[in-house]
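# Tertiary structure, described
If you want the building blocks of each chain, they are given just below.
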Amino acid sequence: MTTTETNKRDWVALEHKYYQGTFKRQPLTLVRGEGTRVWDSDGKVLLDFVAGIAVNVLGHCHPAIIKAVQEQVTQLVHVSNLYYNTRQIELAELLGIQSNGMRSFFSNSGAEANEGAIKLARKFGRMHKDGAFEIISMENSFHGRTLATTAATGQAYYQATWVPIPDGFKQVPFNNLAALKAATSEKTVAILLEAVQGEGGIWTANKEYIQGVRQWCDEQNLVMICDEVQAGMGRTGKFFSWENFDVVPDVVTMAKGLAGGVPIGAMLTGPRTDIFTAGDHGTTFGGNPIACAAGIATITTILEENLLENATKMGDYWHSKLEAFCEKYHFIDSPRGIGLMRAVNVQHDLAPTIVQQALEHGLLLNNLGTSTLRMIPPLNLKAEEIDEAAELLDRALTDVANMPIANA
Ligand SMILES: Cc1ncc(COP(=O)(O)O)c(C=O)c1O
C-alpha cells in the first residue's frame, strides 16, 4: 500500500471495527517518527513529550537502533532459550556492569518483569522465611496489568473489576516508613516500590525513606524490589533511579526504555536473591536477539552520548519552564519530578483539555487522570526543542485559560 493509500483509510473507524475497546486513544493516527517529532496520517508534525510513555528514550528511529535491528534481523531473529544467544548475553553483561554485578532475566514487558520478581520473592520466602509470601507495595503505585501485578498495584481502580485478585499483596502509604514497618508481619517476604511513582503522578521518594526501607529489609531479611520500569534507563538522570538515593535494592525490574522502543522486560537480581535454578521460570520470546540488539544499542548510546547528564540538564530546564507556567496560569500548580520525568497538578479536571489543546498546537503531552499532566520526553531532548515545546504549551494553556471552566 502506498503512503497516499495508507493516509486515505479511515483508521479510527477501522479500529472500532477490528480492535477491542481497551484504549481511550487521542484522535491521532501516527505513521512516522524521527527524533522528538512524529507525523500523523494527514502529514501534521508534532513534538513528542510522551515518547511512547517513557519508552523512546533515544527518540524515534534513532540511527543506532535502526542499525542494530536491521543487522540483527538479517542474522538471527529468534532461537528460544533452549540455546545460548550472543545478544542476550551481551545485554545482560551491560546491565551487570551498570548494576555492579546483578544477573538478568529477560521478559517482554514490565508486568512480566514484575511477575518474575514476585515469583523470586516467593521462592526466597520458601527457602529462607518459613514460607512467607506476602509482598507489601505502595498506595498509588503501578506495577502492571497481569492479575498478580494488578494485585500489587496500589490503585483500587485497577483492581475492582478483577476481584478475587491473587492473595499475598498489601499496600501501605508511600514515603511512610512507620506504616511499612507496622504492616510487616511473619508472612511478609518482600517490599516492592517505585523510587519515583510514574503512573501515580510522578511522586519521588524521600531519601531517608528509601534508605529506611533498605535498612528495614536488611533487619527483617526481606527482599527489596525496585520497579524501574518507568524511572529506569536514565530517565531520572541516573541509569537506575535508586542511584539517586544511595541504596542498592536486591531485585530490579525494567522494561519500557530498555530497548528504545522494541518490546523487552528484565528482572535483575543481586547475589542475596539470585536463587532461581533451571526450570523455576521461563519464557519463549524473552531475551530475543532483536530486542537484545536494540537494548545493547540503546544502553551504548545513552552512555556514549552522555544522556544521563543531558536528562538532568534538560529536565531542570523544562522544570524552570513549568515553574513559570504555574506562576502565569492559576489552574496549574506543583511542578515536580526529577530528570525527564515531570508533572504538574491541574485544577478543575482540566488535564485532558490541556492535552487536547496542546495536540491542536502540535505538542504531545499525557494526562494521568483528570488532574495531572505528565511529560516524559526522550533523553536526548535539546534545549531548542524545550523552547519550542514551551511556546506550544503556552498557547494551549492560554486557550484553556480563556474557557469558562478554567475560571469557575
Ligand atoms: C512502574 C511500572 N511498572 C510496570 C509497568 C507495566 O509495564 P508493561 O506495560 O510493559 O507491562 C508500568 C507501565 O506503565 C510501570 O510504569
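Bear in mind that the values here come from a model prediction, so they are computed numbers and not experimental data.

## Details of the pattern of salt bridges
Overall, the coordinates contain 18 salt bridges when judged by the stated rule. The shortest N-O distance in the salt bridge between D246 and K207 comes to 2.9 Å. In this pair, D246 is assigned in the loop between strand 10 (223-227) and strand 11 (251-254) and K207 in helix 10 (residues 207-220), connecting sequence segments 39 residues apart. Accessibility expressed as a relative area gives 57% for D246, which makes it exposed.

## Here we look at the nonpolar core
Among the nonpolar cores identified, the biggest contains 80 residues, and L95, M254 and I332 are the most heavily contacted of them. Take this core: its biggest share by element is 8 residues, from helix 14 (residues 383-401). For this core, the domains that each give at least three residues are domain 1 (3-61 + 306-407) and domain 2 (63-304). Ranked by size, the runner-up nonpolar core spans 19 residues in total, among them I135, V189, A190 and I225.

## Here's the deal with the environment of H143
Examined against the element boundaries, H143 turns out to sit in the loop between strand 5 (134-138) and helix 7 (147-152). A residue is classified by how much of its surface remains accessible, and H143, at 2% relative accessible area, is buried. If sequence neighbours within four positions are ignored, H143 has contacts with A111, N114, S137, T149, A152, T153, L192, L193, E194 and D227. A polar contact of 2.8 Å, which involves the side chain of H143, links it to the side chain of D227.

## Here's the deal with helix 4 (residues 63-75)
What sets the pattern is the α-helix's 3.6 residues per turn: residues three or four places apart point alike. Taking 1.5 Å of rise per residue, 13 residues should cover 18 Å, and helix 4 covers 18 Å from first to last C-alpha, within 8% of that figure. Within the span of helix 4, buried status applies to I65, A68 and Q72. One side of helix 4 carries all its buried residues, which in axial view fall inside an arc of 70°. Exposed residues pointing more than 90 degrees away from the buried face of helix 4 are listed as P63, K67, Q70 and T74. Here the buried face of helix 4 lies against helix 5 (86-98) and helix 11 (289-304).

## Observations regarding the packing of helix 13 (residues 351-361) against helix 14
Two elements in contact, helix 13 and helix 14, have axes separated by 8 Å at closest approach and are oriented at 130°. Overall, the two elements helix 13 and helix 14 adopt an arrangement that is oblique. The handedness of the crossing between helix 13 and helix 14 comes out as right-handed. Residue-level inspection shows T353, I354, Q357, A358 and H361 of helix 13 in contact with helix 14, the latter providing L392, L393, R395, A396, L397, D399 and V400.

## A look at the domain arrangement of the chain
On domain assignment, one finds that the chain holds domain 1 (3-61 + 306-407) and domain 2 (63-304). The straight-line distance from the C-alpha centre of domain 1 to that of domain 2 is 27 Å. Listed as interface residues are 27 residues of domain 1 and, on the opposing side, 30 residues of domain 2. Contact with domain 2 buries area across many residues of domain 1, yet L308, I338 and M341 alone supply 28% of it, more than any other trio. Counting every contact that joins domain 1 to domain 2 gives 1 salt bridge. Put simply, R374 and E199 hold a salt bridge, and the shortest N to O gap is 2.6 Å. Counting across the interface, domain 1 meets domain 2 through 12 residue pairs in polar contact (both at pLDDT 80 or more). Broken down by secondary-structure element, the contributors of at least two residues to the side of domain 1 that touches domain 2 are helix 3 (51-54), helix 12 (307-328), strand 13 (332-338), strand 14 (341-346) and strand 17 (372-375).

## What about the sheet that holds strand 16 (residues 366-368)?
Across the sheet, 4 strands lie side by side as 13-14-17-16; this open sheet has antiparallel pairing. One side of each edge strand has no neighbouring strand; the edge strands of this open sheet are strand 13 and strand 16. Each strand of the sheet is rotated relative to its neighbour by a mean of 25°, with strand direction disregarded. As defined by bridge partners, strand 13 adjoins strand 14 across 5 bridges and the pair is classed as antiparallel. From the neighbouring strand, D333 faces strand 14, where its bridge partner is N345. Sitting on the sheet, helix 12 touches strand 13, strand 14 and strand 17, and the angle it makes with strand 13 is about 170°.

## Observations regarding the layout of surface pockets
By volume, the second largest pocket is sized at about 760 Å³. Elements with a minimum of two residues in the lining of the second largest pocket: helix 5, strand 4 (103-107) and strand 12 (265-269). Per element, the largest residue contribution to the lining of the second largest pocket is 4 residues, and it comes from strand 4.

## Observations concerning the pairing of strand 3 (residues 45-48)
In the sheet, strand 2 (residues 37-40) pairs with strand 3 via 3 bridges, with the strands oriented antiparallel. What sits directly across from W39, in strand 3, is V45. Hairpin remark: strand 2 followed by strand 3, antiparallel, with 4 residues in the connecting loop; positive phi at G43, about 90°. The pairing of strand 3 with strand 15 (residues 363-364) spans 2 bridges and is parallel. If you follow L47 over to strand 15, its bridge partner there is L363.

## Topic: the sheet that holds strand 5
Backbone-to-backbone hydrogen bonds pair the strands of a sheet. The strands run either parallel or antiparallel. Ordered by their spatial adjacency, 7 strands build an open sheet running 4-12-11-10-7-5-6, and the pairing between neighbours is mixed. Taken across any chain shown, the strands that pair with only one partner, and hence form the sheet edges, are strand 4 and strand 6 (169-172). Across the sheet, the axes of successive neighbouring strands diverge by a mean angle of 20°, strand direction being ignored. Bridging between strand 5 and strand 7 (residues 188-193) involves 3 bridges; their strand directions are parallel. Paired with I136 across the two strands is I191, which belongs to strand 7. On the sheet, helix 10 packs against strand 5, strand 7 and strand 10 and is oriented at approximately 145° with respect to strand 10.

Reading the values: rules and limits
- Residues numbered from 1 in each chain as written.
- Predicted model: local features only at pLDDT ≥ 70, side-chain atom pairs only at ≥ 80, totals over all residues.
- Heavy atoms only, no water.
- Salt bridge = Lys/Arg side-chain N within 4 Å of Asp/Glu carboxyl O.
- Helix = DSSP H or I, 4+ residues; strand = E, 2+ residues; numbered from the N terminus.
- Buried < 20%, exposed > 50% of the residue type's maximum accessible area, 1.4 Å probe, protein only.
- Core = buried A, V, L, I, M, F, W, Y, C linked by side-chain atoms within 4.5 Å.
- Domains from an automatic or database assignment.
- Contact = heavy atoms within 4.5 Å.
- Polar contact = N/O pair within 3.5 Å; in protein donor to acceptor, adjacent residues only side chain to side chain.
- Expected span 1.5 Å × (residues − 1).
- Arc of directions from axis to C-beta.
- Axes fitted to C-alpha atoms, helices over the stretch in contact; angles between N-to-C directions.
- Parallel < 35°, antiparallel > 145°, perpendicular 65-115°, else oblique.
- Left-handed = near helix turned anticlockwise from the far one by under 90°.
- Buried area = accessible area lost by both parts, 1.4 Å probe.
- Pairing = 2+ DSSP bridges.
- 1 Å grid on protein atoms, 1.4 Å probe; cavity = no way out; pocket = protein on both sides within 12 Å on 5 of 7 lines; lining within 4 Å.
- Points joined across faces, edges and corners; volume = space filled by probe spheres on them.

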